[in-house]
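Observations on the three-dimensional arrangement
Below, each chain spelled out in residue letters.
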Amino acid sequence: MSDADRSVLRPVLAGPWRLIGPNPDLGPLQGARERAEGVRPQECVDHHVFQSADGAWHLWGCIRHTAIGRLLYHWEAPTITDAPWRMTGELFRPDRAASESIDDWHDEDWLQSPYVVHWHGRYWMFYGGHSTGRDAAGRPATSRDSGADCQICLMTSPDGRTWTRHRNAEGLSRVFVGPGEARDPCVLQIEGKWHCYYAGHLPCRQDQPAFFVRTSDDLVSWSDWTVVHQDLALHPSFWGTECPHVVQRGGRFYLFRTENYGQARSHVLVSDDPTDFGRGESGRHYLGLFPVAAPEIIVTPAGDEYITSNHDLTGGTRLAPLRWE
């Protein structure tokens, strides 16, 4: 590989934002939900965009502060350049029989952050199933006291439209648990091995937020976790280390880390090693801030790139063209 091929690239917005996923009308499930800290407006947060084999474009996103908590909602469009996309009314709530969202915050539903890959003729949707009802030592715990480990769950589809929850040997939809509040999966195949990047915190240490990675050969059985990025100097709060998104460009790997939704603050880091974007500090990996929140980068069959963002939380999910310089 030449030096030019390995030069560090920087993402650049190449056009205006347009709304693709409007904040949906959920009927009887419509927010806002009154909680101990007051009424919070219904908001669109972490999401994923993919294209099914029939050519349609799909957006699945997490809606928070609904009347029942957090759920996953679906929008669809015939082309990626449509705006806004059609609200289909399709949604997912936790499957309690699959042990999703056990004894969660304020007895809310709590599904989070979907991510879809297409492999071996099937679509695989990974998502946050939140509380497992157990802490890192296996003792009963609730998410109300931040003691419960959380889980990444899986459902699959033959066509990207009809979904069936995965069931493991225990009949549960999860593929792995923790550490801490495991959420926000990003799944990428690197040299034939699947890598799942996600947010969480060190066992029983919510003051130690980090990004983790696990690997798999079959998308079902995953390795133990390892820290792939941690830097409390960028933002010390647990909520300042969210929504990891990793892409490979020009022989290097680029990690987006959301710090603040409404302020559209995401840090960008670069590495030659997809398992190390700075542990303890970002150092030489740090590129700077990029004005997005919970970004997903999409490449069309024609090679055009787009990036999504949830900086307008009550407005919905937005999309803009992207280039690298």
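Heads up: these notes are all about the structure in this document.

A word on the sheet that holds strand S18 (residues 226–229)
Reading across the sheet, the four strands line up as S15-S16-S17-S18 and stay open at both edges, with antiparallel pairing between neighbours. Edge positions in the sheet fall to strand S15 (183–190) and S18, since each of these pairs with one other strand and no more. Within the sheet, the average angular offset between the axes of one strand and its neighbour, ignoring direction, is 35°. Pairing between strand S17 (residues 209–216) and S18: three bridges, direction antiparallel. Counted as the bridge partner of Phe212 is Val227 from S18.

What to know about the nonpolar core
In this structure, Val117, Phe126, Val187, Tyr197, Leu219, Trp222 and Phe277 are the most contacted members of the largest nonpolar core, which totals 32 residues. If one sorts the elements of this core by residue count, strand S16 (residues 193–201) sits on top with five residues. If near-sequence neighbours (up to four positions away) are discounted, Val117 is found in contact with Arg122, Tyr123, Trp124, Phe126, Val187, Trp194 and Leu219.

Structural notes on the sheet that holds strand S22 (residues 286–290)
Either a parallel or an antiparallel arrangement is found when strands of a sheet pair, and the pairing is made through backbone hydrogen bonds. A sheet is described by the order of its strands in space; here four strands give the open sequence S19-S20-S21-S22, paired in antiparallel fashion. Unpaired on one side and paired on the other, strand S19 (242–249) and S22 mark the two borders of the sheet. Averaged over all pairs of adjacent strands, the angle between strand axes in this sheet comes to 25°, irrespective of strand direction. Sheet topology note: the strand S21 (residues 265–271)/S22 ladder contains four bridges and is antiparallel. From the neighbouring strand, His267 faces S22, where its bridge partner is Leu289.

What counts, and where the lines are drawn
Residues numbered from 1 in each chain as written. Predicted model: local features only at pLDDT ≥ 70, side-chain atom pairs only at ≥ 80, totals over all residues. Heavy atoms only, no water. Pairing = 2+ DSSP bridges. Helix = DSSP H or I, 4+ residues; strand = E, 2+ residues; numbered from the N terminus. Axes fitted to C-alpha atoms, helices over the stretch in contact; angles between N-to-C directions. Core = buried A, V, L, I, M, F, W, Y, C linked by side-chain atoms within 4.5 Å. Buried < 20%, exposed > 50% of the residue type's maximum accessible area, 1.4 Å probe, protein only. Contact = heavy atoms within 4.5 Å.

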